[in-house]
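Structural description and commentary
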Amino acid sequence: MVNRQDLKRNLSLYRLIISINNMGAGGRMSDDPFDGKKILERVPVDPPFSLSDLKKAIPAHCFKRSVIRSSYYVVHDLIVAYVFYFLANTYIPFLPAPLAYLAWPVYWFCQASILTGLWVIGHECGHHAFSEYQLIDDIVGFILHSALMTPYFSWKYSHRNHHANTNSLDNDEVYIPKRKSKVRWYSKLLNNPPGRVFTLVFRFTLGFPLYLLTNISGKKYGRFANHFDPMSPIFTERERIQVLLSDLGLLAVFYAIKIAVTTKGAAWVTCIYGVPVVGVHVFFVIITYLHHTHLSLPHYDSTEWNWIKGALSTIDRDFGFLNRVFHDVTHTHVLHHLISYIPHYHAKEARDAIIPVLGEYYKIDRTPIFKAMWREAKECIYIEPDEDSHHKGVFWYHKM
């Protein structure tokens, strides 16, 4: 375990590096002292610290959840979303055709971005990071996720399983890569630029609904599993009634959509609501795909896996100005997998506090997002252990 004096020494060194970086940047703040790291180098697999060491490094106030402060972000995002809706509904229909064709994609991007922020807050509710009261968290999360076509309780419970078994090849809930011997014939056929474009588009547009409907890329249960069947093997007995409640929430939203289509038309509903919600799902899959797919990250079988090894096997990403819009979920994901109940407004401070303890176990990849998606689609095809390693239960990504 980490020695207390070593921790203080590392923290002082980290602050010194930050200060030097800031002076070198003309006073601009930098939240990452590791820009010069070789980002694709593999992380170590035997952490010398414990979760307790990490918690001790984080200021106590970072663990405090405020229903007032969390609610402020919900209200803020709802106001911004309404402004986007008002502008699109009021002005775009009256623009001449060439301008309207440009204006709608701008609206879809902006609205999908802000709605993704709301989706992230709903995700925080599922981790009990919104307030000190579980009931409030579940009510807010249920409303937000249902409105964004996500079954709140169903996804909350499967996502909890993912956090409990991250990067376990035997028990993780999602993003389970294939061994070389299990790679399908069509993966080889698609191993070229046009094939990668198709794969990325398919994954980002249909990946989330197919995961919810068919458990694609999820844990193998031995029988059909999805997020809408209360009797699905994903869920325990005590969770089944809440899965049904999630279904009823989505049915209520579908009914509201039906009314809107009747009164405003299918084209209006598609442009104002449908495309932005699809955009939320696309953003969500891009974010999680990049958090869990990287040449530096290991996966483990049951001979090597333990909880902290799995929790450390993720990577932070830099989405530029969207980091703030997405409530920093993009570049505080390592922290989130270690301590998921820290609210987003404390996440950056908490992340910076544990970086000196994590040392080389922490990575943030600032590669531009489109470039990163392309690289991961090309390089991360299957996993295998290194033949000359004594860690036979540690698997690494390889390309074809």
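Calculation criteria
- Residues numbered from 1 in each chain as written.
- Predicted model: local features only at pLDDT ≥ 70, side-chain atom pairs only at ≥ 80, totals over all residues.
- Heavy atoms only, no water.
- UniProt positions renumbered as here; feature names shortened; annotations may be inferred.
- Helix = DSSP H or I, 4+ residues; strand = E, 2+ residues; numbered from the N terminus.
- Rg over C-alpha atoms; globule rule 2.2 N^0.38 Å.
- Buried < 20%, exposed > 50% of the residue type's maximum accessible area, 1.4 Å probe, protein only.
- Contact = heavy atoms within 4.5 Å.
- Areas by Shrake-Rupley, 256 points an atom, 1.4 Å probe, with all protein chains shown as cover.
- Lys, Arg positive; Asp, Glu negative; His and termini not counted.
- Charge placed at Lys NZ, Arg CZ, Asp CG, Glu CD.
- Phe/Tyr/Trp six-rings, centres within 6.5 Å; stacked < 30°, edge-to-face > 60°.
- Core = buried A, V, L, I, M, F, W, Y, C linked by side-chain atoms within 4.5 Å.
- Polar contact = N/O pair within 3.5 Å; in protein donor to acceptor, adjacent residues only side chain to side chain.
- Pairing = 2+ DSSP bridges.
- 1 Å grid on protein atoms, 1.4 Å probe; cavity = no way out; pocket = protein on both sides within 12 Å on 5 of 7 lines; lining within 4 Å.
- Points joined across faces, edges and corners; volume = space filled by probe spheres on them.
- Nonpolar A, V, L, I, M, F, W, Y, C, P; charged D, E, K, R; others polar.
- Expected span 1.5 Å × (residues − 1).

An unreviewed UniProt entry lists the protein under the name Fatty acid desaturase domain-containing protein, with Lactuca virosa given as the organism. As its UniProt record puts it under Sequence similarities (unreviewed entry), the protein is described as follows: "Belongs to the fatty acid desaturase type 1 family." Note on the protein: under the UniProt heading Subcellular location (unreviewed entry), the record states "Membrane".

1. Observations concerning the overall build of the protein
What the protein contains, in helices and strands, is 15 helices and five strands. By the compact-globule yardstick of 21 Å for 400 residues, the protein fits well, its C-alpha radius of gyration being 22 Å. Considered along the principal axes of its C-alpha atoms, the protein spans approximately 65 × 50 × 50 Å. Evaluated residue by residue, the protein yields a buried proportion of 51% over its 400 residues. For the protein, restricting intrachain contacts to residue pairs at least 6 apart in sequence, the fraction spanning at least 24 positions comes to 70%. Counting only carbon and sulfur atoms, one obtains 66% of the accessible surface of the protein, whose full area is about 19,500 Å². Averaging the coordinates of the 42 positive side-chain charges in the protein and doing the same for the 34 negative ones gives two points 3 Å apart.

2. Concerning the packing of aromatic side chains
Counted by the stated rule, this structure contains 21 aromatic pairs. Ring geometry for Y72 and Y73: centres 5.1 Å apart, planes at 75°, overall edge-to-face. Plain terms: the ring middles of W119 and F284 are 4.4 Å apart, the flat faces sit at 40° to each other, and that makes the pair tilted. Placement of W119 in helix α4 (residues 97–126) and of F284 in helix α10 (residues 266–292) is noted, with a sequence separation of 165 residues between them. Look at W119 and you get buried, because its relative accessible area is 4%. Take F284: its relative accessible area is 13%, and that puts it in the buried class.

3. Let's talk about the nonpolar core
For soluble globular proteins, the rule of thumb is that nonpolar side chains tend to be buried together. One finds F204, I286, L290 and F319 to be the most contacted residues of the largest nonpolar core, which totals 55 residues. Elements that contribute at least two residues to this core include exactly α3 (67–91), α4, α5 (134–147), α6 (152–164), α8 (193–214), α9 (240–264), α10 and α15 (369–379). A per-element tally of this core places α10 first, with eleven residues. Beyond its immediate sequence surroundings of up to four residues, I286 is in contact with F204, F319, I369 and M373. Core analysis: the next-biggest nonpolar cluster, separate from the first, contains 23 residues, C62, A311, I342 and L358 among them.

4. Side note on the side chain of R351
In this structure, R351 sits in helix α14 (residues 344–358). A polar atom in the side chain of R351 sits 3.0 Å from the side chain of D352.

5. Topic: the sheet that holds strand β4 (residues 382–384)
Pairing is antiparallel in the open sheet, where three strands are placed in the order β1-β5-β4. The sheet is open, and its two borders are formed by β1 (299–300) and β4, each paired with just one other strand. When β4 meets strand β5 (residues 394–398), the two strands line up antiparallel, connected through three bridges. Residue pairing in the sheet places I383 in a bridge with Y397 of β5.

6. Some remarks on the UniProt feature "transmembrane region" (unreviewed entry) in the protein
The UniProt record marks residues 73–94, 106–123 and 267–290 with the feature "transmembrane region" (unreviewed entry), using the residue numbering of this structure. Along residues 267–290 the backbone is 100% helical and 0% strand, and the end-to-end C-alpha distance reaches 33 Å.

7. Some remarks on the UniProt feature "domain: Fatty acid desaturase N-terminal" (unreviewed entry) in the protein
Those places that UniProt annotates as "domain: Fatty acid desaturase N-terminal" (unreviewed entry) correspond, in this numbering, to residues 46–82. Between the C-alpha atoms that bound residues 46–82 there is a distance of 48 Å. The span itself is 62% helix and 0% strand.

8. Focus: the environment of Y397
As for its position among the elements, Y397 is in strand β5. Accessibility expressed as a relative area gives 8% for Y397, which makes it buried. Setting aside residues up to four positions removed in sequence, Y397 forms contacts with P177, H292, T293, H294, L295, L297, H299, E379, C380, I381, Y382 and I383.

9. Looking at empty space enclosed by the protein
The full count for this structure, using the stated rule, is two cavities of 30 Å³ or more. In this structure, the largest cavity encloses a volume near 120 Å³. Elements represented by at least two residues in the lining of the largest cavity include exactly α4, α13 (333–338) and α14. Looking at which element gives the most residues to the lining of the largest cavity, the answer is α4, with three residues. A per-class count over the lining of the largest cavity returns six nonpolar, six polar and two charged. Of the voids in this model, the second largest cavity is the one considered here, and its volume is about 50 Å³. Along the walls of the second largest cavity sit V43, P44, V45, P47, P298, Y300, K309, L312, S313 and Y361, which together make up its complete lining. Here the lining of the second largest cavity is built from residues that sort into eight nonpolar, one polar and one charged.

10. Things to note about α6
Between its first and last C-alpha, α6 extends 18 Å over 13 residues, near the 18 Å set by a 1.5 Å rise per residue. Restricting attention to buried positions, one finds in α6 the residues Y152, F153, S154, W155, K156, Y157, S158, H159, N161, H162 and H163.

11. A short note on the environment of A266
Structurally, A266 is set in helix α10. With relative accessibility at 46%, the residue A266 sits in the partly exposed group. Measuring from C-alpha to C-alpha, the distance between A266 and G393 comes to 52 Å, with 127 residues separating the pair along the chain.

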